[in-house]
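# Summary of the model geometry
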Amino acid sequence: MTTLALPPEILEDHIIDNLVDEPTSLAACALVCKAWTNASQKRIFLHVEIHSSNTVSGEVICNKLNSLLTRSPHIALYISDIFIADGTESRRWMTRSKQSLSAVLSKLVNITKVDIALATLPWNEASSLRDVLRGFFRQPKIRKIILRGLSFLPSWDELFYMLNGSPADHVLLYAVTLDPGASKRASRRRRGQAIQRPRSTIGCLETNSSVEDLEDLGFWADNPKSCLDISSLPKFSYDVMHVEDINGCNAVLQAEAFRSLESFEVVVQSFSEVVTTQLDLSRVRHVHLTVREIPYIWADFGNVLRWYAHVLETSRSESVEEVTLTCAQWARVNQSFEEQLDRWRSLDLALARQIPNVRIVRLKTESEFPIDVVKGKAFLQDYVGQMFPVLLERGILHQ
């Protein structure tokens, strides 16, 4: 009996793509025939993770992946996203498996996103991975690098040496810390003439560094003998746990090396009260203020709105042309809307009067809970005219 093969677009778009969250089913599909094998493997190996579990160490998984990619090199071409996590203390495996890890990473020529969690690995141990990671970060299709948990760096030079030559446009540094003593000496040293340095191609640098390490980043960037010229960076994003630490951003905003900075974002994870925040926004064109966790008490939620207005009023920047405000929710359900309007209208006036050249104001709703996003967008749709009458009349409000 003659059998007809399914057209590739039917097989991939209507069968295989519907199984992306069912690895067992995809594995079964891969055994049907060659056409199904290729289509299934593209989804199975799109995202790969190497880390320890309760039963298997990251070292064993790394070795098995290396063997698989050696036997079936075409599989490496399917991997575009990888997450690698070291263990803690006695369960650390990355430095022990450097050779095997290097062999795996060198094969991933189509990688676009890499997320490496080093579990507060101190630099005196992590330095053995420096050249391995530097070579990997130079893979030609990499666009996003997330590096977590690298601690006690002697200076920012060691970190940016690994990023030197990478085509990544977006770099995120979480829980990356400097040695409190050594870093200050190294980054602020400015002796001799400036050296010829490669220019960074990073489009967005995002970090949750401490205030002290941010200050040192500013000194490092201005140091003519640092390993990388980062003066073309267009966007800087600061992810901060407590709003009182935000003033540390000025070390970056005021650094001469960041004179080309066009966009600045602050993401506040937790908010309870208004603190004095005076950011130097004299050079940026786009300001993005985000509060992730909205308090359930209206008095505290009102503080969020006052803080938004306070930042904009104190900056009085003539360079800012675009402002984005992001909330998880835009109103408190346990408070009457009339009682909330005063706060919103104060923010409306602050945006209209204190940022004289603003042309666009965007309101965004973001939350880890999809239902909150739906409710937030619906609320804005119904009430934005009452909340921001001045901006709406000027025709610059977007949502």
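Here, every reference points to the structure presented above.
Description of the structure in this document. (Residues numbered from 1 in each chain as written. Predicted model: local features only at pLDDT ≥ 70, side-chain atom pairs only at ≥ 80, totals over all residues. Heavy atoms only, no water.)

### Points about the overall build of the protein
For the protein, the helix and strand inventory stands at 15 helices and 12 strands. Out of the 399 residues in the protein, the part that is buried amounts to 49%. Taking the intrachain contacts of the protein between residues at least 6 apart in sequence as the baseline, contacts between residues at least 24 apart amount to 79%. Split by element, the accessible area of the protein, about 19,300 Å² in all, is 50% carbon and sulfur. (Helix = DSSP H or I, 4+ residues; strand = E, 2+ residues; numbered from the N terminus. Buried < 20%, exposed > 50% of the residue type's maximum accessible area, 1.4 Å probe, protein only. Contact = heavy atoms within 4.5 Å. Areas by Shrake-Rupley, 256 points an atom, 1.4 Å probe, with all protein chains shown as cover.)

### Overview of helix α14 (residues 370-387)
Along α14, the sharpest change in direction is near 50 degrees and occurs at Q381. Those residues of α14 that sit buried are D372, V373, G376, F379, L380, V384 and M387. On its buried face, α14 sits against α13 (337-354), β11 (360-365), α15 (389-394) and β12 (397-398). (Bend = angle between axes of the 7 residues up to and from the residue.)

### Quick look at the side chain of S151
The residue S151 is located in strand β4 (residues 144-151) in this model. What S151 contacts, discounting residues up to four positions off in sequence, is T120, L121, P122, W123 and T177.

### Structural notes on the packing of α13 against α14
Following both chains from N to C, one finds α13 and α14 inclined at 65 degrees, their axes separated by 10 Å at the closest point. The pairing of α13 with α14 is recorded here as roughly perpendicular in orientation. Crossing geometry of α13 relative to α14 is assigned as right-handed. Residues F337, L341, W344, R345 and D348 of α13 lie in contact with α14, whose contacting residues are F379, Y383, Q386 and M387. Taken together, the residues of the contact of α13 with α14 sort by class into six nonpolar, one polar and two charged. (Axes fitted to C-alpha atoms, helices over the stretch in contact; angles between N-to-C directions. Parallel < 35°, antiparallel > 145°, perpendicular 65-115°, else oblique. Left-handed = near helix turned anticlockwise from the far one by under 90°. Nonpolar A, V, L, I, M, F, W, Y, C, P; charged D, E, K, R; others polar.)

### Digging into helix α8 (residues 156-163)
Those residues of α8 not exposed but buried are W156, L159, F160, M162 and L163. All buried residues of α8 fall inside an arc of 150 degrees around its axis, so they share one side. At the N-terminal end of α8, a side-chain oxygen is found 3.0 Å from the backbone nitrogen of D157, two or three residues along, and the residue is S155. Phi turns positive, to about 90 degrees, at G165, one or two residues after α8. (Arc of directions from axis to C-beta. Polar contact = N/O pair within 3.5 Å; in protein donor to acceptor, adjacent residues only side chain to side chain.)

### Considering the pattern of salt bridges
The full count for this structure, using the stated rule, is 12 salt bridges. We note a salt bridge from E262 to R285, for which the minimum N-O separation is 3.6 Å. With E262 in the loop between α11 (250-253) and β8 (263-270) and R285 in the loop between β8 and β9 (286-291), this pair connects stretches of sequence that are 23 residues apart. We classify R285 as partly exposed; its relative accessible area is 38%. In this structure, a network of salt bridges that share partners links the residues E262, R285, E321 and R359. (Salt bridge = Lys/Arg side-chain N within 4 Å of Asp/Glu carboxyl O.)

### Side note on the packing of aromatic side chains
Per the stated rule, a full pass over the model turns up six aromatic pairs. On the basis of an interplanar angle of 50 degrees and a centroid distance of 6.1 Å, the ring pair of W156 and F160 is categorised as tilted. Note that W156 and F160 are positioned in helix α8 at a spacing of four residues, about one turn of the helix. With a centroid separation of 4.8 Å and 40 degrees between ring planes, the pair formed by F379 and Y383 is classed as tilted. Here F379 pairs with Y383, and both are found in helix α14, just four residues apart, close to one helical turn. A relative accessible area of 16% means that F379 is categorised as buried. In textbook terms, an aromatic cluster arises when at least three aromatic residues are bridged by ring pairs, as seen for W156, F160 and W220. (Phe/Tyr/Trp six-rings, centres within 6.5 Å; stacked < 30°, edge-to-face > 60°.)

### Quick look at the pairing of strand β5 (residues 170-174)
Every other side chain in a regular strand lies on the same face of the sheet, so the side chains alternate between the two faces. Counting buried residues in β5 gives four out of five residues, a clear majority hidden from the surface. Strand direction decides the pairing type here: β4 and β5, joined by five bridges, are parallel. Paired with K144 across the strands is H170, a residue of β5. Read from β4 through α8 to β5, the crossover connection turns out right-handed. Relative to strand β6 (residues 204-207), β5 runs parallel, the two being bridged by four bridges. (Pairing = 2+ DSSP bridges. Right-handed = clockwise from strand over helix to strand, strands pointing away.)

### Observations regarding the pairing of β6
Alternating positions in β6 separate into two faces, C204 and E206 on one and L205 and T207 on the other, with burial throughout. In this structure, β6 lies alongside strand β7 (residues 235-242), joined through four bridges in parallel fashion. Directly across from C204, in β7, lies its bridge partner K235. Note on the crossover from β6 through helix α10 (residues 211-222) to β7: the handedness is right-handed.

### Here we look at unusual backbone geometry
The phi dihedral of F152 is positive, around 60 degrees, even though this residue is not glycine. A positive phi angle is found at A175, which is not glycine, with a value near 55 degrees. Mapped onto the elements of the fold, A175 is located in the loop between β5 and α9 (182-187). Residue classification places A175 among the partly exposed positions, given a relative accessible area of 42%.

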